[in-house]
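Observations on the model geometry
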Amino acid sequence: MQKDDLLRLIHDPNLLPSDEQILISRIAGQAATMDMPCYVVGGFVRDLLLGKPVNDLDVIVEGDAIKFGRSLVKKFGGKLTTHDKFHTAIWHLPSTVLGQRLQPASLDLITARKESYLMPGALPTVTPSTIEDDLLRRDFTINCMAIRIDGAHFGELLDPLGGQADLEKGMIRVLHPRSFIDDPTRIFRAIRYEGRCDFNIEPETLALINSESLDGVMRLSGERIRHELDLIFEEANSSKMIQRAGNLGLFEKIHTDLPLFNPEYLDFLDMDPTLDIPASRPAIGYMFWLMDLMEDGIMSIAERLSFTSDLTYSVWAVSQLKKSLPFLINSRPSVWSYALEKLPLLSIYVVYLASRESALLDYLSIWRHVKPHTTGNDLKARGLPSGPRFGEILAQLRAAWLDGQVKNPQEEKELLNTLL
Ligand code: ATP
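What comes next concerns the included structure.

**Side note on the pairing of strand β3 (residues 79–83)**
Summarising the sheet, β3 and strand β4 (residues 88–92) pair through 5 bridges and their orientation is antiparallel. From the neighbouring strand, Thr81 faces β4, where its bridge partner is Ile90. If you look at the hairpin formed by β3 and β4, you'll find 4 residues sitting between the two strands, and His87 has a positive phi there, around 55 degrees.

So this is what it looks like as structure tokens:
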């Protein structure tokens, strides 16, 4: 790509908001003052060349990123968090830089570095180096491009590994045959980029997803695997990706009981919940994935994937509710409500999607909001001594409303008189 074309992309406010353009030019100016070669890299360059709005802004310097960060803070304000071991810093931006409002609120500043893996699957050791070495430590050619921004170099594209050509061909290609062995999380990443951009994993790269690299997935920690699965579930196209991951044999390496994703539920992954309940796409994903397993299987997979206790409970609740549906069907609303009351709303919603049992939707949209008019204070005023009868009476009044035995405050009062 010609420098002019690239500059046009960088200056396109549909791809890069103007406040971020200003931020980049401030950083570029400061880097030039310090004679420090400075680049934006990775997803920024990939998305820009794809003509997509840019999300992440990662800045790399050939030199000391911490020193660079300190100079930015001195000149423009804000705060710096430093990670000496990794030679990186996070610049927490001031709310304005030279009068301009800024997004995002913080920015990663990274020292160009070389990585070596002491053990496959372990985290790498890091030493400062050149931008070329930094690009060589990355995952796929499409992520291995940089744009130099300091001074007169502004807008020079570095593409030593043919990233632009692979972007044009729609190929996900690793840099060397040991890439997936060094870091098996890259297998998940390859699947994610492939599905997101409607690309293909290049044939030689695909052949490297073999028994040796897949065995590496077995050694990954639960946190790292779950992070990758969460990222997949967050994608708009996650159904395609989760199917691909299953077909490539990833799941049995994560846990021997982890099944393929049930094709009947795949479409639910790509839709957003329409009800007004707190939801997260990954949580919905795990619920559909594991709902038909036995309790032991769910618990063991939840442990392998380091689920939080809330997530484990929600997934378990889905499986229990689904199994108990045959016993609840045709029950009165008060019986449904009693059975559902303690369960997470999202679990109920997921079972509704899987079963289309209308009582579940009635509970979520109507029944759970039904309350008697009488309150605990009213009962006290009527002279009821404290004790468990309070809760029982209020529950009976609520049940009467739910089941249509009471339809107005007068009828509620009459029922209350019979209960006191
Ligand atoms: P996304 O849009 O998915 O966030 P991104 O390219 O910004 O894409 P990040 O996960 O933020 O992805 O990573 C930033 C860059 O770091 C990537 O572009 C890639 O070059 C590099 N990278 C991330 N993870 C790995 C990895 N496991 N191995 C090698 N390089 C990686």
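**Considerations on the state of the cysteines**
Formally, a disulfide is one covalent bond, and it connects the sulfur atom of one cysteine to the sulfur atom of another. Going through the model one piece at a time under the given rule, you end up with 0 disulfides. Free of any disulfide, Cys38 has its nearest cysteine sulfur in Cys144, 18 Å distant. Owing to a relative accessible area of 0%, Cys38 belongs among the buried residues under this scheme. With no disulfide of its own, Cys197 lies 14 Å from the sulfur of Cys144, the closest cysteine sulfur. For Cys197, a relative accessible area of 15% puts it in the buried group.

**Some remarks on the pairing of strand β7 (residues 106–111)**
Where strand β2 (residues 58–61) meets β7, 4 bridges bridge the pair, whose relative direction is parallel. Note on β7: the bridge partner recorded for Asp58 is Asp108.

**Overview of unusual backbone geometry**
Even without a glycine there, the phi angle at His87 is positive, about 55 degrees. Residue placement: His87 occurs in the loop between β3 and β4. His87 sits in the partly exposed class, given a relative accessible area of 25%. Its identity is not glycine, yet Arg356 carries a phi of approximately 60 degrees, on the positive side. One can find Arg356 in the loop between α19 (345–355) and α20 (358–365).

**What about the packing of aromatic side chains?**
Going through the model one piece at a time under the given rule, you end up with 12 aromatic pairs. Plain terms: the ring middles of Phe251 and Trp289 are 4.7 Å apart, the flat faces sit at 55 degrees to each other, and that makes the pair tilted. Pair noted here: Phe251 is in helix α13 (residues 251–254) and Trp289 is in helix α15 (residues 281–290), with a separation of 38 residues, a long-range link. We note that Phe251, like Trp289, is buried. Clustering of aromatic rings is evident, with ring pairs tying together Phe233, Phe251, Phe261, Tyr286, Trp289 and Phe307. Over the ring of Tyr193 we find Arg192; its NZ or CZ atom is 5.4 Å from the centre of that ring.

Rules and cut-offs
All chains use their own residue numbering, which begins from 1 and follows the written sequence. In keeping with the predicted nature of the model, local features appear solely for residues at pLDDT of at least 70, side-chain atom pairs appear and are counted solely at 80 or more, and the whole-chain, interface and lining totals rest on all residues. Only heavy atoms go into the side-chain values, all of them from the structure, while hydrogens and water stay out. Two strands pair if DSSP finds at least two bridges between them. Helix numbering and strand numbering both begin at the N terminus, where a helix is a DSSP run of H or I of at least 4 residues and a strand a DSSP run of E of at least 2. In plain terms, two cysteine sulfur atoms within 2.5 Å form what is called a disulfide here. Buried residues are those whose accessible area, probed at 1.4 Å on protein chains only, stays under 20% of the maximum for their type, while exposed residues exceed 50% and partly exposed ones sit between those limits. Here a Phe, Tyr or Trp ring, Trp counted by its six-membered ring, pairs with any other such ring whose centre lies within 6.5 Å, and the pair is stacked when the planes are under 30 degrees apart, edge-to-face when over 60, and tilted otherwise. In our convention, an over-ring charge means Lys NZ or Arg CZ found within 6 Å of a ring centre and within 35 degrees of that ring's normal.

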